[in-house]
Amino acid sequence: MANYHYDEAGNMAAYFVISVLVIILLPVTLSSLASVSSKPPELDNGCQCTPCIQRRADVRKHQGGSLLRPKFTPKALLITVGWAAVAFLSFKVAHAEIENKVYNPFEILQIGTGATEKEIKSRFKELSRIYHPDKVKATINETVEDIANRFVDITKAYKSLTDETIRRNWELFGHPDGRQEVSMGIALPKWVIEGKNNIWVLGVYGILFGGALPTLVGRWWFGNRQKTKDGINAKTAAAFFKALTDNSGMKEVISALGQAYRWETTWAGTAVGLEELEKQIDEKMGDQWREVKDLVAPDGKCEGTKQRALVLLYAHFLRLKINDEALKQEQAKLLLQSPMLLNALLGISAARSWLAPTLMVMRLHAYVTQALLPGKTVAPQAQLPGFDGDADEPEGKDLASFISRLEDNGDIRKTEARKAVEGWSRLDVVDMSFKVIGERLVTPSSIVFLLVKLRLRQPLQTDLPSSVSEKSAKAIREDREKDDKFLNNRKDAEDIEGATPVWAHAPHWPGLRKPGWWLVLADDKSNRIVVPPMKISDVPASSPGKERDYRSYKLQFQAPPNVGLFTWKVYLVSDTLVGEELCRDISLKIDDISALNAEEQTAEDEISDPEEDTLAGQMAAMRGGTVKRTAAPEDSEDESSTDEEQHGDDSSDSD
């Protein structure tokens, strides 16, 4: 019969806690070490102007630590405490006294299992002289009872090996005293089930399973329901849906963005210096600032989170200095959140196929990145270091001539301006065309690809050849083969080797920023988008020495069902630099299928008639269908002639 007892020392409970902690801590620790030990992004590639270098240095400073210099975050602190608990419990278990131990008389007498009876008797006498209760005095660490129990164990071990009856008990039941009760421990301290502690134990169980667990599950469930697939609040998406119209301009887009922070951002504490910032914004913008506030809050109550977000956003647009460190961090958090909100707003506009608001949302990305007031005509040099507000100079339309003028005048800003222009990302279109896999013409409702080949060039760089007509016939053939292979691929961008991230010129952005563009195929005459916009990045820089110094991108869509000529536009809008936008006319001609030759029209697989000697052929013949005749064997005539000759010989013999 088993005898159950509670774990008084807590050793078995420690085993359970260690197992749970290791199961939780091991994957969390490995993921943390992987993120720390992973190679950080190369921060030296990109714009080399001093503000951009300083910005990247600040980002490197605030990045996660390394294995040698770890950064102590709340997650790292919890991992450290968890492993410390595992170490403590392991030490406690390792030094705990094991009660359920297999009885071994050889171990008690400290002799080997192959010892003879004479050696056993000799060892017993030796231990008796040492551990006999009459010869051992009690101490603080060892009582008289402990001394007596030890000598009893030695005596039982000796008799287990020499006395026949006791030895049989040990061999049969594992103990010299015969059959013993089985003692099973329960991994719970005894105080947990004591009557006086019932109310506390039940209270803890009620809090955990009746309060904490439903709360966590509810927050997870309802929290997911409140978020859209774009990661924004459902109320924000509803506000975006109501704010946009087919003719929305930059003001309406900014007002929609300002309203979104009401549900997307929560700030605690008072904002020191917020009123002073708003005064500076009011002085610079005047009635325009009040118009923006009215758009964000039509009820005239622009306060709380909306006011705070709007002030920080326009302080960034006007490049106002913020002295309070907490307010700076709030502004950085708000700016880093803006791409997600703008992408969601772009998705809502593109889902309705509205061209005008879609372009405005795309352009707002660049205004936020460069900290420039949206809706205002901005010359390119306003984005260069030291040229804040220089937006009205006519020379600013061409950056190359602007840099030349600075150098001719000996302007002290020329060095930093040249560095920024050398890191400028200007898009160059190599080729742009419509393709249909395996077809010469585009027919109604066919699957069409817009194939765009792009590369980057600096504004100071001379014009590059934009066509592939100067290549040799072999190079052109190889390019066509690569294009066909890419069109049959599922990826939207062609694979390139040795691509390294290049950081854009963005000295006012609180993080790292890669140059990117939006590719849109639209019909500007009807203000409609033909294909939803696609984000492209990692465009290679032009390299005259390479045969293929560009990268191909594709947009897939279904051709219109009608025959005719469709004149559309392709927009390439930068999300990092204001004004870096390309717009190209492109035409798609839809031909009737009769324009294809006979071979192209019958290019599909034909189903031939079944042969007459097959089961399918016999069934087709029974239905009156056509079948393919089976050719007669070549030796059939020989066999028939031989039969006739034999028949003739037989007849002559009979005569």
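Please read these numbers as outputs of a predicted model, since none were measured by experiment. (Residues numbered from 1 in each chain as written. Predicted model: local features only at pLDDT ≥ 70, side-chain atom pairs only at ≥ 80, totals over all residues. Heavy atoms only, no water.)

Draft legend 1. Here's a closer look at empty space enclosed by the protein. The tally for this structure, following the rule as stated, stands at 1 cavity of 30 Å³ or more. In this structure, the largest cavity encloses a volume near 70 Å³. Around the largest cavity, the lining residues are Cys52, Arg55, Arg56, Trp503, Ala504, Ala506, Gly511, Leu512 and Arg513. Taken together, the residues that form the lining of the largest cavity break down as 5 nonpolar, 1 polar and 3 charged. (1 Å grid on protein atoms, 1.4 Å probe; cavity = no way out; pocket = protein on both sides within 12 Å on 5 of 7 lines; lining within 4 Å. Points joined across faces, edges and corners; volume = space filled by probe spheres on them. Nonpolar A, V, L, I, M, F, W, Y, C, P; charged D, E, K, R; others polar.)

Draft legend 2. Expanded view of a nonpolar patch on the surface. A cluster of nonpolar side chains, namely Val204, Tyr205, Leu208, Phe209, Leu213, Val217, Trp220, Trp221 and Phe222, defines an oily patch on the protein surface of about 990 Å² accessible area. Residue Leu213 is classed as partly exposed on the basis of its relative accessible area of 43%. (Patch = residues over 30% accessible without salt bridge, like charges linked within 9 Å, V, L, I, M, F, W, Y side chains within 5 Å. Areas by Shrake-Rupley, 256 points an atom, 1.4 Å probe, with all protein chains shown as cover. Salt bridge = Lys/Arg side-chain N within 4 Å of Asp/Glu carboxyl O. Buried < 20%, exposed > 50% of the residue type's maximum accessible area, 1.4 Å probe, protein only.)

Draft legend 3. Main features of unusual backbone geometry. Even without being a glycine, Ser353 presents a positive backbone phi close to 60°. Here Ser353 is to be found in the loop between helix H14 (325–351) and helix H15 (355–370). One non-glycine residue, Asp538, lies in positive phi territory at about 55°. Checked against the element boundaries, Asp538 lands in the loop between strand E6 (528–537) and strand E7 (551–558). (Helix = DSSP H or I, 4+ residues; strand = E, 2+ residues; numbered from the N terminus.)

Draft legend 4. Local environment of the nonpolar core. Counting residues in each nonpolar core, the largest one holds 61 residues, and the members touching the most others are Phe240, Leu277, Ile281, Tyr314 and Leu364. Here this core gets 10 residues from one element, more than from any other, and that element is H14. Leu364 has contacts with Met250, Val253, Ile254, Leu257, Phe317, Leu342 and Pro374, leaving out every residue within four places of it along the chain. Counting 28 residues, the second largest nonpolar core, distinct from the first, contains Leu450, Met534, Leu555 and Trp568. (Core = buried A, V, L, I, M, F, W, Y, C linked by side-chain atoms within 4.5 Å. Contact = heavy atoms within 4.5 Å.)

Draft legend 5. Spatial organisation of the sheet that holds strand E3 (residues 426–435). The sheet built from 3 strands is open, its strands ordered E3-E4-E7 with antiparallel pairing. A strand with exactly one partner marks an edge of an open sheet, and here the two such strands are E3 and E7. Within this sheet the neighbouring strands show an average axis-to-axis angle of 20°, counted without direction. Note: strand E4 (residues 447–457) against E7, 8 bridges, orientation antiparallel. Looking at the pairing, Leu450 lines up with Leu555 of E7. (Pairing = 2+ DSSP bridges. Axes fitted to C-alpha atoms, helices over the stretch in contact; angles between N-to-C directions.)

Draft legend 6. Geometry of the state of the cysteines. The full count for this structure, using the stated rule, is 0 disulfides. Between Cys49, a free cysteine, and Cys47, which holds the nearest cysteine sulfur, the sulfur-to-sulfur gap is 3.3 Å. Using a relative accessible area of 0% as the deciding quantity, one classes Cys49 as buried. Here Cys52 is not cross-linked by a disulfide; its sulfur's nearest cysteine counterpart is in Cys49, at 3.4 Å. (Disulfide = S-S within 2.5 Å.)

Draft legend 7. Spotlight on the side chain of Gln259. Position of Gln259 among the secondary structure elements: in helix H10 (residues 250–264). The class of Gln259 is buried, set by a relative accessible area of 17%. A polar contact is formed between the side chain of Gln259 and the backbone oxygen of Leu295, at a distance of 3.4 Å. Once residues lying within four places of it in the same chain are set aside, the contact partners of Gln259 are Ala239, Leu295 and Val296. (Polar contact = N/O pair within 3.5 Å; in protein donor to acceptor, adjacent residues only side chain to side chain.)

Draft legend 8. Molecular detail of the sheet that holds strand E5 (residues 516–523). Overall, antiparallel pairing links the 4 strands, which are arranged E6-E5-E8-E9 in an open sheet. Two strands in the sheet have a free side with no partner beyond their single neighbour: E6 and strand E9 (581–590). Strand-to-strand twist of the sheet, defined as the mean angle between neighbouring strand axes without regard to direction, takes the value 20°. Taken together, the 7 bridges between E5 and E6 define a ladder with antiparallel strand orientation. From the neighbouring strand, Asp523 faces E6, where its bridge partner is Arg528. Sitting on the sheet, H15 is in contact with E5, E6, strand E8 (564–574) and E9, with an inclination near 20° to E8.

Draft legend 9. A look at the pattern of salt bridges. According to the stated counting rule, one finds 25 salt bridges in the structure shown. For the salt bridge of Arg290 with Asp287, the shortest nitrogen-to-oxygen distance reads 2.4 Å. Of this pair, Arg290 and Asp287 both sit in helix H12 (residues 287–296), 3 residues apart, which is roughly one turn of the helix. The exposure class assigned to Arg290 is partly exposed, which follows from its relative accessible area of 38%.

Draft legend 10. Structural view of the UniProt feature "transmembrane region" (unreviewed entry) in the protein chain. The sites that UniProt annotates as "transmembrane region" (unreviewed entry) are residues 12–34, 76–94 and 199–222. As a span, residues 199–222 carries 100% helix and 0% strand, and end to end its C-alpha atoms are 33 Å apart. (UniProt positions renumbered as here; feature names shortened; annotations may be inferred.)

Draft legend 11. Spotlight on the environment of Val573. Along the polypeptide, Val573 turns up in strand E8. Residues Val573 and His365 lie 208 residues apart in sequence; the distance between their C-alpha atoms is 9.7 Å. In this structure Val573 touches Leu359, Met362, Arg363, Gly516, Trp517, Trp518, Glu580 and Glu581, once residues within four positions along its chain are discounted.

Draft legend 12. Representation of the confidence of the model for the protein chain in the model. Confidence in the prediction of the protein chain, expressed as mean pLDDT, is 79, and 78% of residues score 70 or more. In the predicted structure, residues 390–396 sits below a pLDDT of 50 and forms 17 contacts with residues beyond four places in sequence or in another chain. In the predicted structure, residues 634–655 sits below a pLDDT of 50 and forms 0 contacts with residues beyond four places in sequence or in another chain. (pLDDT = per-residue confidence, 0-100.)

Draft legend 13. Local environment of the packing of H12 against helix H13 (residues 305–317). Axis separation between H12 and H13 bottoms out at 11 Å; the angle between their running directions is 140°. What the angle tells us is that H12 and H13 run oblique. For H12 against H13, the interelement crossing comes out right-handed. Contacts between H12 and H13 involve Trp289, Val292, Lys293 and Val296 on the former and, on the latter, Lys306, Leu310, Val311 and Tyr314. In terms of residue class, the contact of H12 with H13 is built from 6 nonpolar, no polar and 2 charged. (Parallel < 35°, antiparallel > 145°, perpendicular 65-115°, else oblique. Left-handed = near helix turned anticlockwise from the far one by under 90°.)

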